[in-house]
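Residue-level structure breakdown
Listed below, chain by chain, are the residues.
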Amino acid sequence: MKKKALITGVTGQDGAYLAELLLAKGYEVHGIKRRTSLFNTDRIDHLFQDPHISDGRFVLHHGDMTDSSSLTHIIQKVQPDEIYNLAAQSHVAVSFEEPEYTANSDALGALRILEAIRILGLTKKTRFYQASTSELYGLVQEIPQKETTPFYPRSPYAVAKLYAYWITVNYREAYGIYACNGILFNHESPIRGETFVTRKITRALARIKLGLQDALYLGNLDAKRDWGHARDYVEMQWLMLQQEQPEDFVIATGVQYSVRDFVNAAAQEMGMKIRWENNGVDEKGYWENREKGDPNQPVVAVDPRYFRPTEVETLLGDPTKAKTKLGWTPRTTFAELVAEMVREDLRSAQRDELVKSHGYNAFNYDQ
Ligand code: NDP
Ligand code: GDR
């Protein structure tokens, strides 16, 4: 019998990689997508289009993390062996602007799924994966961070994810559900959302190189993160649900870089040298009056708009437990990740440049 998996957040970065992985393993994959006014399936369209990949084994359902009735109905219909709860309002900065919605989808959303498993009598059948996060460590209490490091969330997003973390542990202990938290550190890819810092950097530098954009504005350049590749990390999500006992795991590379390092690495990959003009500080009127930049010397400036009310300055994970118990190690190095993202963003900037050179308007919206 084919195993059935249900993925919430299937249209997101991790959802797309995980769906592809599970289809390759022979699963029947069901995904929940929310209704939007524009198409939001760009990342998974190829799974439908290539019959060799999905072979009719990929099914989408409309649902929303804020709507118990849709979630319960889908779970009842699908009767999944595994649920991967990846859906979330996942942007930390946005969570300060939409704290209540973030709590509803990220905290209560996890509860709604666990309740559906319980109410539908699936506690012995359905395994549950919760997309927990290194943001739980926030104001870090220990370096590097591991499974036993105390949490100190620093944003409405992280506080919501703290609830989801503990409700997952509680339903495991109270009802014997096979439920796990993957405490994942930042992971990126060419299909990373364009407003997360890594993708914002690679996309902007590619566009500057091709004359489509003038400068790159960032927030805190000194923030440090432990960046891995999403393709490697979804493999671990699957592995966590294949063990004898459900447990929580930190997933990280164990190596840390700053936002500034990421900019330099991406620029180097493109053969550019960054001009950290004005020491990266955006003084009033400076940018309006400056000379136009040289595409091979992109200008990077700090715009305080991107500062967060409370920042997570430094994250560094210790993945020893995952290495030991799951036999998992990340395959992609930082340099390979940056190179892949740069390559893909250069490719799409070239497409936009072609469109522009034929008299059409290429997008250049603010992030
Ligand atoms: P994305 O932001 O790329 O994807 C989030 C997904 O959730 C999208 O499919 C989105 O739909 C969906 N979604 C958002 N709100 C709702 C809702 N109310 N109802 C239904 N679906 C919704 O995130 P990632 O793929 O990067 O991350 C996956 C999960 O892992 C998230 O929970 C994130 O918080 C967590 N995480 C991510 C890390 C990372 O570095 N990437 C690290 C640690 C944890 P739509 O496409 O319509 O927007
Ligand atoms: P993060 O990722 O907040 O760690 O959450 P993000 O890429 O948004 O920020 C990383 C760090 O870079 C700093 N930064 C900027 N960030 C953005 N987005 N835009 C900027 O212009 C900018 N300039 C500097 C930030 O202040 C921060 O310190 C991600 C999400 O995927 C979460 O869902 C996930 O849980 C965590 O990673 C682990």
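Criteria and cut-off values
- Residues numbered from 1 in each chain as written.
- Chains lettered and ligands numbered in written order.
- Predicted model: local features only at pLDDT ≥ 70, side-chain atom pairs only at ≥ 80, totals over all residues.
- UniProt positions renumbered as here; feature names shortened; annotations may be inferred.
- Axes fitted to C-alpha atoms, helices over the stretch in contact; angles between N-to-C directions.
- Helix = DSSP H or I, 4+ residues; strand = E, 2+ residues; numbered from the N terminus.
- Left-handed = near helix turned anticlockwise from the far one by under 90°.
- Contact = placed C-beta atoms within 7 Å.
- Nonpolar A, V, L, I, M, F, W, Y, C, P; charged D, E, K, R; others polar.
- Near = placed C-beta within 6 Å.
- Domains from an automatic or database assignment.
- Buried ≥ 20, exposed ≤ 12 C-beta atoms within 10 Å, placed from the backbone.
- Arc of directions from axis to C-beta.
- Pairing = 2+ DSSP bridges.

By the naming in an unreviewed UniProt entry, the protein chain goes by GDP-mannose 4,6-dehydratase and is assigned to Herbaspirillum aquaticum. Taken directly from UniProt, the Catalytic activity (unreviewed entry) text for the protein chain runs: "GDP-alpha-D-mannose = GDP-4-dehydro-alpha-D-rhamnose + H2O". If you open the UniProt record of the protein chain and go to Sequence similarities (unreviewed entry), you find "Belongs to the NAD(P)-dependent epimerase/dehydratase family. GDP-mannose 4,6-dehydratase subfamily."

A few words now on the packing of helix α8 (residues 197–209) against helix α10 (residues 259–269). Between α8 and α10, the least distance of the axes is 10 Å, while the angle of their chain directions is 35 degrees. Crossing of α8 against α10: the hand is right-handed. The segment α8 lies against α10, with V197, T198, I201, T202 and L205 engaging V259, F262, V263, A266 and A267. Residue composition of the contact of α8 with α10, grouped by class: 8 nonpolar, 2 polar and no charged.

What follows is about the site of ligand 2. What surrounds ligand 2 is a group of 22 residues, the closest being S90, T133, V197, G219 and A223. The set of elements that each furnish at least two residues to the shell around ligand 2 consists of α5 (92–97) and α8. Per-class residue counts for the shell around ligand 2 are 10 nonpolar, 7 polar and 5 charged. Both domain 1 (4–184) and domain 2 (197–224 + 258–312 + 333–358) contribute no fewer than three residues apiece to the shell around ligand 2.

All right, on to the site of ligand 1 then. In the region of ligand 1, 24 residues are neighbours, and G9, G12, D14, A88 and A131 sit closest. Those elements that place two or more of their residues in the shell around ligand 1 are α1 (13–24) and β5 (127–133). For the shell around ligand 1, the element with the most residues is α1, which contributes 3 residues. Split by residue class, the shell around ligand 1 holds 6 nonpolar, 15 polar and 3 charged.

What follows covers helix α4 (residues 68–78). For an α-helix, 3.6 residues make a turn, and residues three or four places apart therefore share a direction. Looking at α4, one finds that the buried residues are L71, I74 and I75. All buried residues of α4 project into a common sector of 95 degrees when viewed along the axis, lining one side. Opposite its buried face, α4 presents the exposed residues S69, Q76 and K77, each directed more than 90 degrees away. Looking at the buried positions of α4, the neighbouring elements they touch are β1 (4–8), β2 (28–33), β3 (58–62) and α6 (99–119). Of the residues one or two after α4, Q79 is the one with positive phi, at around 50 degrees.

With that settled, consider the sheet that holds β5. Ordered by their spatial adjacency, 7 strands build an open sheet running β3-β2-β1-β4-β5-β6-β11, and the pairing between neighbours is parallel. Here the strands that pair on one side only, and so sit at the sheet edges, are β3 and β11 (249–251). Neighbouring strand axes in the sheet, compared pairwise and without regard to direction, differ in orientation by 20 degrees on average. Here β2 runs beside β3; their pairing, made up of 5 bridges, is parallel. Within the sheet, the bridge partner assigned to H30 lies in β3 and is V59. Along the sheet, α1 contacts β1, β2, β3 and β4 (82–85); its crossing angle with β2, the most-contacted strand, is approximately 165 degrees.

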